[in-house]
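Summary of structural features
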Amino acid sequence: MAMALRESGLQSLGLGGVLEVFARGQLPATASDLVTEVFGPQKARGSLVISGANGMVGAGKAMQLGARLLPFGVRVVGLDFPGAPDGIGGQYPGLVSTFGKTRAAQIMANIVRLTYDGRTLPPELGDLKPAFLLEAIPEILDVKKAHYKIFRDAFPGVEIRSVTSGFPASELGVGIAHPAFPHQINKVWEIVEPKPSPITQLLWALGLVPVPVGDHWSFVLDVLFCGLTHAAILYHRACNMPYWKIDKWVRKLIGPNPFRAHDVIGAQGANFLTWSCLHHLAEHYGELFRPTPELEARKDSGSDWYPPNHFRPVVDWKLETRELEDLETWILGPLFQMTSLLLHERRAELPFINAVGELCAQFRKGVLALVRDVGADQARERVAAYHRVHPAAGERAWHPEAFETIEQPAGQQLYVNAEHNGEVGTIAIGRESYNGDVDVELNRAVDWLKKAGVERVIVTGDFHLATQMVGADTSEFYPALERTEEGIRVSETWSRTARRLATDFKTSVAFVNGKRCLGGFLELLMHCHHLVSVEDADLGMPEVTLPVVPGLEGCHWPFRKTSADAWPKLLRLLLTGRSVKARDGVPWLVDFAGPMDAALQMAWRLATGEESGVRRRSLVESPLEGVADAPGELPAADSPATEAARRAILESIRASCAAPLGDALSIQARHSAGFMVSEPCLKGVIGSDYAKTMKI
């Protein structure tokens, strides 16, 4: 029987654990099987109907689901009122930019657009055999219920899910699949249903991210995002700071721009949705959520929150220490109180609550990671300070004891899980970018496996929340842009963690299961004894384009694991930033690449010590000579900053490869940190983001 640090995301979807995926040698479900289960056999396949299809949500989901269902012969029916703006047609340019004209035309041709009067369904709909209705009509409860009755009367077996932002399933009488914005590209769906259904599993099999949540008024995303917007409005009422300037301070503090997001989504609809969520939340939880007059007015007017651009530059608003403390009280206080409510009601598994804040609300760190960082006592004090300036908010919906939940394993392992069967273990990382929290949790997972006596391990993405590994979280580098010692600390700390994958296990196998593995994540996984990947994954080191110098041993570790004739390939990878397909990285970067099932089976054979035909590449610990002497012909650098980064990366390669393995870690850390305080880095992508976010 497998042991786990906590329940995996796959288990919450009724799909088993990560260890089971490798032991079985195949994914727990396939899109083709689930399409048949939901829509019927190919010769009698039903359709997906999206009502309210010309709205922002409906049109976005028509594109996202239509593109994925096209290969399986599922027609998409877009249903809306005759006078509705052509939201579906407006998605076409985005399809072209993503798929090209031919594929975009095929996706659009598979969408049948029908109109109706809201009371009766068009006769043609029967010929299309509706199997699944995704309802995206306005947030009016009685209208939604009447809509479901029409469909159930006409098609008794149809499955229905609502995209509602706020109504619970117990009120609607249907399950909920609430998608995050931007609707055509964000993969996260908050799911409310009694148990995992084939529809939810199908979303997962199609490459989307369904997240089970509890059945409450509003869900995790809108409690956090609408609640944050409300907190920002209250801060405006307290100090009269312009909304756009509050956005800048909120972005510096935790990441999102709540007011700008409403304007981008479309203020008329977004303001109403936020008002609706807050209105219903206030009815149940009191003044923590009560809509303000400003929101009431914009709910009716649909006015933007931001003024015309020419007004913004003439207003500056600096905060002194006491004023900054007030800002944090008005913003973090209610955010922490809302977090206590989510925990008290167990609205979702702890990693899901945390992930929704990051993946959907654009928090740099999820709310549970934030509370974990400051500590439960400090979080309670921040809420207490908020109640001193807004006493009514403390009358209900405040559960200070709920923060103790974060001390549970699920709260300590928000991003990294581990499982084992006594002999083989898995470490599953559920965050797409590597940061300090992932680093700490990865160390705890390694410690847990070692304590259990596990000597063989597979390190992988979690097959759920992380559909790719994009590299290091660049916001972690902000302090290093001003202090070289901070850059050295991050590089050395993360590199020591990576080395544990090489030194602490008899056998370690890295597995790339997503569409890409880049930068710091690729550096991390290269420390494993073997690297196995699905064949079409993109692997790359894009640091030169940012520009930064790799700091997780990418400038020497891969060279020590491959022959000299492959060094020019590694140099081009590092000096151009261009990715390679995993299949083209064998054997100089990847040990095995193949289709998903074959790659899973190879990873398991390598981890268990079975005959695989793949040898372990040795690691040269002595100095290497001539590594940086022959980079070959490179494309011209697109800027002086890229050219400077190339020189710095070459120098880091030369110095760290020329040293023994024991010295190389600190050498490459100094090179990486030294470049971060240089002018090319400060004027590059990370430096510009830092200035825009933190220098306000």
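Reading the values: the criteria
Residues numbered from 1 in each chain as written. Predicted model: local features only at pLDDT ≥ 70, side-chain atom pairs only at ≥ 80, totals over all residues. Heavy atoms only, no water. Salt bridge = Lys/Arg side-chain N within 4 Å of Asp/Glu carboxyl O. Pairing = 2+ DSSP bridges. Helix = DSSP H or I, 4+ residues; strand = E, 2+ residues; numbered from the N terminus. Axes fitted to C-alpha atoms, helices over the stretch in contact; angles between N-to-C directions. Core = buried A, V, L, I, M, F, W, Y, C linked by side-chain atoms within 4.5 Å. Buried < 20%, exposed > 50% of the residue type's maximum accessible area, 1.4 Å probe, protein only. Contact = heavy atoms within 4.5 Å. Phe/Tyr/Trp six-rings, centres within 6.5 Å; stacked < 30°, edge-to-face > 60°. Lys NZ or Arg CZ within 6 Å of the ring centre and 35° of its normal. Polar contact = N/O pair within 3.5 Å; in protein donor to acceptor, adjacent residues only side chain to side chain. Domains from an automatic or database assignment. Buried area = accessible area lost by both parts, 1.4 Å probe. Nonpolar A, V, L, I, M, F, W, Y, C, P; charged D, E, K, R; others polar. Parallel < 35°, antiparallel > 145°, perpendicular 65-115°, else oblique.

Our focus in this paragraph is the pattern of salt bridges. Tallied over the full model, the rule gives 35 salt bridges. One network of salt bridges, in which partners are shared, links K365, R372, D373, D437 and E441.

Turning next to the sheet that holds strand 3 (residues 76-80). Spatially, 4-3-2-5-6-7-8-9 is the arrangement adopted by the eight strands of the open sheet, whose pairing is mixed. Strands at the two margins of the open sheet, each flanked by one partner only, are strand 4 (111-115) and strand 9 (209-212). Recorded for the sheet is a direction-independent mean angle of 25 degrees between the axes of neighbouring strands. Both strand 2 (residues 47-51) and strand 5 (residues 130-135) contribute to a ladder of five bridges, which runs parallel.

General note: in soluble globular proteins, nonpolar side chains tend to be found buried as a group. Formed by 169 residues in total, the largest nonpolar core has its most connected members in F289, F559 and I653. A total of 12 residues in this core trace back to one element, the largest contributor, which is helix 10 (residues 220-239). The contacts of I653, once residues within four sequence positions are left out, are C555, F559, L571, L574, V627, A628 and A658. Grouped together as the second largest cluster of nonpolar side chains are 60 residues, V18, V74, L202 and L203 included.

Here we take up the packing of aromatic side chains. One pass over the structure, following the stated rule, counts 17 aromatic pairs. Centre to centre, the rings of F259 and W305 are 5.0 Å apart; their planes meet at 35 degrees, and the pair counts as tilted. Here F259, found in helix 12 (residues 258-265), pairs with W305, found in the loop between helix 14 (293-301) and helix 15 (321-344); they are 46 residues apart in sequence, far enough to count as distant. With centroids separated by 5.6 Å and ring planes inclined at 90 degrees, the aromatic side chains of Y434 and F521 adopt a geometry described as edge-to-face. Highlighted residues: Y434 in strand 12 (residues 433-434) and F521 in helix 22 (residues 519-525), separated in sequence by 87 residues. Just as Y434 is buried, F521 falls in that class too. Through a chain of ring-to-ring contacts, the aromatic side chains of Y434, F477, W494 and F521 assemble into a single cluster. Sitting over the ring of Y306, R260 keeps its end group 5.5 Å from the ring centre. Above the face of the W275 ring, K299 is positioned so that its terminal group lies 4.4 Å from the ring centre.

All right, on to the side chain of R380 then. Tracing the backbone through its elements, the reader meets R380 in helix 18 (residues 376-389). Of the polar contacts made by the side chain of R380, one reaches the side chain of E404; its length is 2.4 Å. Residues contacting R380, with those up to four places away along its chain left out, are W398, P400, E401, F403 and E404.

The topology assignment puts E135 in strand 5. A polar side-chain atom of E135 sits 2.5 Å from a polar atom in the side chain of K144. At 2.5 Å, the side chain of E135 and the side chain of Y148 are in polar contact. Excluding residues that lie within four positions of it along the chain, E135 makes contacts with S51, K144, H147, Y148, R161, S162 and V163.

With that settled, consider the domain arrangement of the protein chain. Split by domain assignment, the protein chain resolves into domain 1 (40-212), domain 2 (220-309 + 318-410) and domain 3 (415-694). Placing a centre on the C-alpha atoms of domain 1 and another on those of domain 3 gives a separation of 40 Å. In this assembly, six residues from domain 1 lie in contact with five residues from domain 3. In total, domain 1 and domain 3 occlude about 410 Å² of area from one another, counting both sides; carbon and sulfur atoms represent 56% of this. A per-residue breakdown of the area domain 1 buries against domain 3 is headed by K187, W204 and V209, which together make up 75% of the total. At the surface where domain 1 touches domain 3, the tally comes to zero salt bridges. For the pair domain 1 and domain 3, the number of links is two residue pairs in polar contact (both at pLDDT 80 or more). Looking at which element gives the most residues to the side of domain 1 that touches domain 3, the answer is strand 9, with three residues. Of the residues that constitute the side of domain 1 that touches domain 3, the class distribution is four nonpolar, one polar and one charged.

As a further point, take the sheet that holds strand 1 (residues 3-4). The seven strands lie next to each other as 1-10-11-13-15-17-20, forming an open sheet whose pairing is mixed. In this open sheet, the two strands that pair with only one neighbour each are strand 1 and strand 20 (592-594). The sheet contact formed by strand 13 (residues 456-461) and strand 15 (residues 507-512) spans five bridges and is parallel. Following the sheet pairing, T460 is matched in strand 15 by F511. Strand contacts of helix 20 (residues 436-451): strand 1, strand 10 (416-420), strand 11 (424-429) and strand 13, with the helix running at about 15 degrees to strand 10, the strand carrying the most contacts.

Two elements in contact, helix 11 (residues 243-253) and helix 29 (residues 685-694), have axes separated by 8 Å at closest approach and are oriented at 120 degrees. Between helix 11 and helix 29, the interaxial angle falls into the category oblique. From helix 11, K248, R251 and K252 reach across to helix 29, where they touch K692, T693 and M694. Taken together, the residues of the contact of helix 11 with helix 29 break down into one nonpolar, one polar and four charged.

Note that E401 resides in the loop between helix 18 and helix 19 (409-412). Along the sequence, E401 and S170 sit 231 residues apart, while their C-alpha atoms lie 28 Å from each other. Beyond its immediate sequence surroundings of up to four residues, E401 is in contact with H344 and R380.

A separate point is the pairing of strand 17 (residues 530-534). In terms of residue burial, strand 17 counts as a mostly covered element, since five of its five residues are buried. Across four bridges, strand 15 lies against strand 17 in parallel orientation. Bridging across to strand 17, A510 finds its partner in L531. With three bridges connecting them, strand 17 and strand 20 associate as parallel partners. In the sheet register, S533 faces strand 20, and the bridge partner there is A593.

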